[in-house]
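So the chains spell out like this:
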Amino acid sequence: MLDPRLLAAFVEIVDTGSFTAAADRLHLTQSTVSQQLARLESSVGQQLVHRNARPVQATVPGERLAGYARRILALEREAQAMLGDPAGTQSIRIGLPEDLVTAQMATVFRACTHMHRSVRLDITTGLSRNLTDRYRGGELDIVVVKESAASADCHASFPEALAWYESADNGQSWSDPIALVTFPPGGLYREAMFDRIERERRKWYVAFSGSSFQSVLVGVETGLGLSVLPVKATTGRRVRQYAPLGNMAAMVVSLYAWDKSGPAAELINQMTEVLAHRPEP
């Protein structure tokens, strides 16, 4: 191992051509600088400078080592600067459904990281049930989920209207059995959709199962089948409500958080504002 203190003394001797000048730059005595060079030469097994030359000059091995020494010292300074910079050292882990990662929500995230350089946001999207389990297990600090009813420790909740949708370009009636576009197993919309269509005593089959909210929307837009979607997430999409299957019971969008202090408090309040003012289609 090459001691950076010894390398610093060696580099100063080479750069100044003088033990005295090197000692002045390092705020050490000349004898201390001489001892540090001797220790470095002993550790590498090579003579590194011509001591009798005026100015002092590096030997061939010394010239080769000097380049590496400067790089090592530069990396050390860089590492010290990095450790002294708090940027990204405080992680806030957030989970929310994919359809809630809107431009407005992303703007809130950006504002938080710009305001607080120490904050790093780790964003996870997924099914509400999975996100709830991870939050309760301590894996997430803030979570926004869809659920039938909010729990007592909810920070804020808002109604989430649901409806049946078909492609806006569909010009034909749906045959029996009805083609459905579904979310992955475990999704709340999937279960609500199956429950409703069973109560209507209609025959159905899964024509398309998407792995994400985006893929389900595309499946409906292209006419692959009917699906239950959150009304507020259909803005600007080529879909329209399908009335023959009746109304769907609303769910709620709930926000939960463990820590409500410091930067997290500001973030929670701003996220709540975005959820409270989501535009209607």
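Residues numbered from 1 in each chain as written. Predicted model: local features only at pLDDT ≥ 70, side-chain atom pairs only at ≥ 80, totals over all residues. Heavy atoms only, no water.

### Section: the overall build of the protein
Then, in step 1: Assigned secondary structure in the protein consists of nine helices and twelve strands.
Then, in step 2: A globule of 281 residues ought to have a C-alpha radius of gyration of about 19 Å, yet the protein, at 33 Å, is considerably larger.
Then, in step 3: By principal-axis analysis of the C-alpha atoms, the protein measures approximately 100 × 35 × 30 Å.
Then, in step 4: Considering only contacts in the protein between residues 6 or more positions apart, those separated by 24 or more positions represent 74%.
Then, in step 5: Accessible surface for the protein amounts to roughly 15100 Å². Of this, 51% is attributable to carbon and sulfur atoms.
Then, in step 6: Put simply, the protein has 29 plus and 30 minus side-chain charges, and the middle of one group is 3 Å from the middle of the other. (Helix = DSSP H or I, 4+ residues; strand = E, 2+ residues; numbered from the N terminus. Rg over C-alpha atoms; globule rule 2.2 N^0.38 Å. Contact = heavy atoms within 4.5 Å. Areas by Shrake-Rupley, 256 points an atom, 1.4 Å probe, with all protein chains shown as cover. Lys, Arg positive; Asp, Glu negative; His and termini not counted. Charge placed at Lys NZ, Arg CZ, Asp CG, Glu CD.)

### Side note on the nonpolar core
Then, in step 1: Of all hydrophobic cores here, the largest spans 30 residues; its most connected members are Trp-164, Tyr-165, Leu-180, Leu-226 and Leu-229.
Then, in step 2: Where this core is concerned, the elements lending two or more residues are β7 (162-167), β8 (178-182), α7 (188-199), α8 (213-221) and β10 (227-230).
Then, in step 3: By residue number, the principal contributor to this core is α7, which donates six residues.
Then, in step 4: When residues no more than four places from it in sequence are discounted, the contact partners of Tyr-165 are Val-220, Gly-225, Leu-226, Ser-227, Leu-229, Val-231, Thr-234, Val-239, Arg-240, Gln-241 and Tyr-242.
Then, in step 5: Core analysis: the next-biggest nonpolar cluster, separate from the first, contains 23 residues, Ile-94, Val-108, Cys-112 and Phe-158 among them. (Core = buried A, V, L, I, M, F, W, Y, C linked by side-chain atoms within 4.5 Å. Buried < 20%, exposed > 50% of the residue type's maximum accessible area, 1.4 Å probe, protein only.)

### Looking at the pattern of salt bridges
Then, in step 1: Scanning the model with the defined rule gives 18 salt bridges in all.
Then, in step 2: Where Asp-195 meets Arg-199, a salt bridge forms, and the shortest distance between an N and an O atom there is 3.2 Å. With Asp-195 and Arg-199 both in helix α7 and four residues apart, this pair spans about one turn of that helix.
Then, in step 3: A residue is classified by how much of its surface remains accessible, and Asp-195, at 43% relative accessible area, is partly exposed.
Then, in step 4: The exposed category is assigned to Arg-199, whose relative accessible area is 53%.
Then, in step 5: One continuous salt-bridge network, built from bridges that share partners, spans Asp-99, Lys-146, Glu-160 and Arg-278. (Salt bridge = Lys/Arg side-chain N within 4 Å of Asp/Glu carboxyl O.)

### Examining the packing of aromatic side chains
Then, in step 1: Under the defined criterion, the tally for this structure stands at five aromatic pairs.
Then, in step 2: Here the aromatic rings of Tyr-135 and Tyr-256 are separated by 6.0 Å at their centres, their planes lie at 45°, and the arrangement is tilted. Here Tyr-135, found in helix α6 (residues 128-136), pairs with Tyr-256, found in strand β12 (residues 251-257); they are 121 residues apart in sequence, far enough to count as distant.
Then, in step 3: Relative accessible area serves as the criterion here: at 2%, Tyr-135 is assigned to the buried category.
Then, in step 4: Of the residues examined, Tyr-256 reaches a relative accessible area of 3% and is grouped as buried.
Then, in step 5: Within the aromatic cluster, the residues linked to one another by ring pairs are Tyr-135, Tyr-256 and Trp-258.
Then, in step 6: Above the plane of the ring of Tyr-256 lies Arg-136, whose end atom (NZ or CZ) is 5.1 Å from the centre. (Phe/Tyr/Trp six-rings, centres within 6.5 Å; stacked < 30°, edge-to-face > 60°. Lys NZ or Arg CZ within 6 Å of the ring centre and 35° of its normal.)

### Overview of the pairing of β10
Then, in step 1: Alternating residues of β10 divide into Ser-227 and Leu-229 and Val-228 and Pro-230, and every residue in both groups is buried.
Then, in step 2: Taken together, the four bridges between β7 and β10 define a ladder with antiparallel strand orientation. Residue pairing across strands places Ala-163 opposite Leu-229, the latter belonging to β10. (Pairing = 2+ DSSP bridges.)

### Comments concerning helix α4 (residues 60-84)
Then, in step 1: Taking 1.5 Å as the rise per residue, α4 with 25 residues should run 36 Å; its terminal C-alpha atoms sit 37 Å apart, in good agreement.
Then, in step 2: At Ala-66, α4 shows its largest bend, some 25°.
Then, in step 3: Taken together, the buried positions of α4 are occupied by Gly-62, Leu-65, Ala-66, Ala-69 and Leu-73.
Then, in step 4: Here the buried face of α4 lies against α1 (4-16), α3 (30-44) and β2 (57-58). (Expected span 1.5 Å × (residues − 1). Bend = angle between axes of the 7 residues up to and from the residue.)

### A closer look at the environment of Glu-221
Then, in step 1: You can see Glu-221 is positioned in helix α8.
Then, in step 2: Expressed as a C-alpha distance, the spacing of Glu-221 and Gln-35, which sit 186 residues apart in the sequence, is 78 Å.
Then, in step 3: Among all residues touching Glu-221, those that are not within four sequence positions of it are Ser-167, Arg-237, Arg-238 and Val-239.

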